[in-house]
Amino acid sequence: MIFKKGFSYVFNENACKDCGGKCCTGESGNIFINEDEIIHLQTHFGLEKKEFRKKYLRKVDYKMSLKEVEFEDGFACIFFNQKERNCGIYPLRPYQCRTFPFWEYFKTHKEELQKECIGICYLS
């Protein structure tokens, strides 16, 4: 179980193997990524900056987000491994992904979090 101070729930990371990637799939959204994370990924894939950005990123206002692909009845992160139903870049995943499900937003959107993550256990 993973605990984070200030949150009324814990996260059972073992639930991920039975989940099927709900946090990586579903409605379209933004998967923000910073410049350091971009550099790590482009180096990992052996791509030039321009090529990596064209293939994997989209601009959202002044930020960059990972692209999505159509998947089942919605979308998936471009790095979602559809066969294994998990993250294809797990060790290099962006901060936004590494901090899930401990986002300030979910402190007040508990029902939404429970639908998205089977590993959530609320504290009494």
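Scoring rules and cut-offs
- Residues numbered from 1 in each chain as written.
- Predicted model: local features only at pLDDT ≥ 70, side-chain atom pairs only at ≥ 80, totals over all residues.
- Heavy atoms only, no water.
- Patch = residues over 30% accessible without salt bridge, like charges linked within 9 Å, V, L, I, M, F, W, Y side chains within 5 Å.
- Areas by Shrake-Rupley, 256 points an atom, 1.4 Å probe, with all protein chains shown as cover.
- Salt bridge = Lys/Arg side-chain N within 4 Å of Asp/Glu carboxyl O.
- Helix = DSSP H or I, 4+ residues; strand = E, 2+ residues; numbered from the N terminus.
- Pairing = 2+ DSSP bridges.
- Contact = heavy atoms within 4.5 Å.
- Axes fitted to C-alpha atoms, helices over the stretch in contact; angles between N-to-C directions.
- Buried < 20%, exposed > 50% of the residue type's maximum accessible area, 1.4 Å probe, protein only.

(A) Representation of a nonpolar patch on the surface. Together, Met 1, Phe 3 and Leu 123 line one region of the surface with nonpolar side chains, adding up to about 350 Å² of accessible area. Mapped onto the elements, Met 1 comes out in the segment before β1 (9–11).

(B) Representation of the sheet that holds strand β3 (residues 32–33) within the structure. As summarised here, the arrangement of the three strands in space is β3-β5-β4, forming an open sheet in which the pairing is antiparallel. The sheet is open, and its two edges are formed by β3 and β4 (57–60), each paired on a single side. The pairing of β4 with strand β5 (residues 63–66) spans four bridges and is classified as antiparallel. Bridging from a neighbouring strand, Arg 58 pairs with Ser 65 of β5. Each of β4 and β5 is contacted by helix α3 (residues 49–56), which is oriented at about 80° to β4, the strand it contacts most.

(C) Focus on the environment of Glu 104. If you trace the backbone, Glu 104 turns up in the loop between α4 (95–99) and α5 (110–116). For Glu 104, a relative accessible area of 54% corresponds to the exposed category. Expressed as a C-alpha distance, the spacing of Glu 104 and Lys 22, which sit 82 residues apart in the sequence, is 19 Å.

(D) Looking closely at the sheet that holds strand β2 (residues 25–26). Taken in spatial order, the three strands make up an open sheet running β2-β7-β6, and their pairing is antiparallel. Two strands lie at the open edges of the sheet, namely β2 and β6 (68–71), each paired on one side alone. With two bridges joining them, β2 and strand β7 (residues 74–77) adopt antiparallel strand pairing. Directly across from Gly 26, in β7, lies its bridge partner Phe 75.

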